[in-house]
Amino acid sequence: MYNFEFERPSSVDDAVQSLGGEALALGGGQTLIPALKQRLNQPDKLVSLTGISELNGISMLSDGRLSVKGATTHATVAEQAREHYPALADLARHIGDPAVRNRGTIGGSLANNDPAACYPAAVLGSDATVVTNAREISASDFFTGMFATVLSDNEIITEVRFQVPSSANYQKFLQPASRFALTGVFVAKFADGVRVAVTGASENGVFRWADAESALSANFTQSAVENSSVSPDGMISDLHGSAAYRASLVKTLTKRAVAAAS
Amino acid sequence: MSKVTMTVNGRATSGDVEGRTLLSSYLRDTLGLTGTHIGCDTSQCGTCVVHVDGKVVKSCTMLALEADGAVVDTIEGQANADGSLNVIQQAFQDHHGLQCGFCTPGMVMSAAALLKDNPKPSESEIRKYLEGNLCRCTGYHNIVKAILAASGQDVSVVAAE
């Protein structure tokens, strides 16, 4: 790993001031530190977000949305979101392993937008709002492709506000070595319809499966998606699974999520 | 270089580190605490697991400067005050929970964290908790037995010998 300057500010304003140029924000580091070791990234400065108390915590907002601050760890979400949004807590409880969950943060995961990460499916599936130091971004605008988001270089995710569905579930098929989702599906049932968000499948990152959403909005049962299918065009194909395999997984996992959420 | 200060196994420590210095390097190279192992160096294998402020972390995937001011516990601090093995360590010996021993420091540290939160875990809970700790010798059964035994539970429920 090449050397870099390290700063650990105690406020979001100071962190934003420290960013810019070749500096990078450091969340829990569970992706960024391995990437630095492989020299896939060469920042001249890392600005740690773990010393900022205003970036930590979970609370219900007066409008019924669940607020998760940007540097909240997966372990904290798993524990503290349980009573407010069980499906989200359950998703967090199955990211990586216990040690990874004690460091990894929701903001870090979303800013990285790994095509196989779990959180993007929950954010898109819950029609969440990503709040930064500069603006509020709808989930449908936030993700722009594999490892890509609309965030600018000196923008920090301060909070994620989730709509809480009446029922929801996330199912993933593990890639057994990395323990990332080979494919994962988040299904959320709201009063005005069902959202189905898929991660780990598309070369463009997380996406919504519109056909399943309309079928499930009309009839929230496994059989409703029996005649729907996802095209393997544009799906990830690698040694772990072909595009057709992933397309098949999307449907299978959607049905499992519907069964678990029903 | 920046100065870092942390309490390791109850002792105040400090040292000069670079931005890129990992917590695992600080423990091993600066403090000489080589019980914390580096296996994969990619946060997969768990041999580098230590406790930071009471929580398990992979010390190869945390910068030393991130632990500034923290309380860190490593395998060297696990034995009883008189130097004898603690309950978990003794159970690993009694139940043959190690062969080559390379993964053992991480296994013991993970087990200690699990039993603190969940004093009587089921076999399934133990296996799930250890998903970030790899062992290439034992096939895990005896590690699971050792942790069950350390929690004061019957180990005969673990199928394989």
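About the thresholds
Residues numbered from 1 in each chain as written. Chains lettered and ligands numbered in written order. Predicted model: local features only at pLDDT ≥ 70, side-chain atom pairs only at ≥ 80, totals over all residues. Heavy atoms only, no water. Axes fitted to C-alpha atoms, helices over the stretch in contact; angles between N-to-C directions. Helix = DSSP H or I, 4+ residues; strand = E, 2+ residues; numbered from the N terminus. Parallel < 35°, antiparallel > 145°, perpendicular 65-115°, else oblique. Left-handed = near helix turned anticlockwise from the far one by under 90°. Contact = heavy atoms within 4.5 Å. Nonpolar A, V, L, I, M, F, W, Y, C, P; charged D, E, K, R; others polar. Buried < 20%, exposed > 50% of the residue type's maximum accessible area, 1.4 Å probe, protein only. Arc of directions from axis to C-beta. Pairing = 2+ DSSP bridges. Domains from an automatic or database assignment. Buried area = accessible area lost by both parts, 1.4 Å probe. Salt bridge = Lys/Arg side-chain N within 4 Å of Asp/Glu carboxyl O. pLDDT = per-residue confidence, 0-100. Polar contact = N/O pair within 3.5 Å; in protein donor to acceptor, adjacent residues only side chain to side chain.

Caption draft 1: Looking closely at the packing of helix 2 (residues 87–94) of chain B against helix 3 (residues 104–117) of chain B. Residue and element names in this part refer to chain B. At a closest axis distance of 10 Å, the pairing of helix 2 and helix 3 adopts a crossing angle of 125°. Taken as axis vectors, helix 2 and helix 3 run oblique relative to one another. Here helix 2 and helix 3 pass one another in a crossing that is right-handed. Where helix 2 approaches helix 3, its residues Ile88, Gln89 and Phe92 are matched on the opposing element by Thr104, Met107, Val108, Ala111, Ala112 and Leu115. Residue composition of the contact of helix 2 with helix 3, by class: 7 nonpolar, 2 polar and no charged.

Caption draft 2: Geometry of helix 1 (residues 23–30) of chain B. All names here are of chain B. Where helix 1 is concerned, the buried positions are Leu23, Ser24, Tyr26 and Leu27. For helix 1, the buried positions fall inside an angular range of 170° around the axis, keeping them on one side. If you follow the buried residues of helix 1, they end up packed against strand 1 (2–8), strand 2 (11–17), strand 3 (49–52) and strand 5 (71–73). Gly32, located one to two residues past helix 1, shows a positive phi value of around 75°.

Caption draft 3: The sheet that holds strand 6 (residues 129–132) of chain A, seen in detail. All names here are of chain A. Strand order in the open sheet made by the 5 strands is 4-5-10-6-7, with antiparallel pairing throughout. Looking at which strands have only one partner, the edges of the open sheet turn out to be strand 4 (58–60) and strand 7 (136–138). Going from strand to strand, the sheet's axes swing by 20° on average, the running direction of each strand aside. Both strand 6 and strand 7 contribute to a ladder of 3 bridges, which runs antiparallel. Counted as the bridge partner of Val131 is Glu136 from strand 7.

Caption draft 4: How the structure looks around the domain arrangement of chain B. All names here are of chain B. Here chain B is partitioned into domain 1 (2–76) and domain 2 (87–150). Each of domain 1 and domain 2 has a C-alpha centre, and the two are 21 Å apart. Contact with domain 1, which involves 16 residues of that partner, is made by 16 residues of domain 2. Both faces combined, the contact of domain 1 with domain 2 buries some 1,200 Å², and carbon together with sulfur accounts for 64% of it. In this assembly, domain 1 and domain 2 are joined by 0 salt bridges.

Caption draft 5: A look at the confidence of the model for chain B. Looking at chain B, pLDDT values average 96 and 98% of them are 70 or higher. As scored by the predictor, the complex reaches a pTM of 0.95 and an ipTM of 0.95.

Caption draft 6: Structural context of the pattern of salt bridges. In the structure shown here, the tally under the stated rule is 17 salt bridges over all chains. The partner of Asp127(A) in a salt bridge is Arg195(A), with the nearest N and O atoms 3.8 Å apart. With Asp127(A) in the loop between helix 7 (119–125) and strand 6 and Arg195(A) in strand 13 (residues 193–199), this residue pair connects regions lying 68 residues apart in the sequence. Note on Asp127(A): relative accessible area 29%, which makes it partly exposed. One connected set of salt bridges, linked through shared partners, spans Arg8(A), Arg103(A) and Glu66(B).

Caption draft 7: Summary view of the pairing of strand 12 (residues 181–190) of chain A. All names here are of chain A. Judged by how many residues are buried, strand 12 sits mostly within the fold: 9 of 10 residues are covered. With 8 bridges connecting them, strand 11 (residues 167–174) and strand 12 associate as antiparallel partners. By the bridge assignment for strand 12, Ala168 is matched with Ala188. Once strand 11 ends, the chain turns through 6 residues before running back antiparallel as strand 12, passing Arg179 with a positive phi of about 65°. For strand 12 and strand 13, the ladder comprises 7 bridges, and the chain directions are antiparallel. By the bridge assignment, Lys189 is partnered in strand 13 with Val194.

Caption draft 8: Spatial organisation of unusual backbone geometry. Residue and element names in this part refer to chain A. For Arg39, which is not glycine, the phi dihedral falls at a positive 60°. When you line up the elements, Arg39 lands in the loop between helix 2 (32–37) and strand 3 (45–48). One non-glycine residue, Asn113, lies in positive phi territory at about 45°. The topology assignment puts Asn113 in the loop between helix 6 (106–112) and helix 7. We classify Asn113 as buried; its relative accessible area is 1%.

Caption draft 9: A look at the interface of chain A and chain B. The partner chain B presents 21 residues to the 27 residues of chain A that form the contact. Taken together, the connections running from chain A to chain B amount to 5 salt bridges. Note that Arg8(A) is salt-bridged to Glu66(B), the shortest N-O span being 3.6 Å. The tally of links from chain A across to chain B stands at 12 residue pairs in polar contact (both at pLDDT 80 or more).

Caption draft 10: Structural detail: the environment of Ala113(B). Residue and element names in this part refer to chain B. Relative to the assigned elements, Ala113 resides in helix 3. Residue classification places Ala113 among the buried residues on the basis of a relative accessible area of 4%. Along the primary structure Ala113 and Tyr129 are separated by 16 residues, whereas in three dimensions their C-alpha atoms are 9.6 Å apart. Beyond its immediate sequence surroundings of up to four residues, Ala113 is in contact with His51, Val56 and Tyr129.

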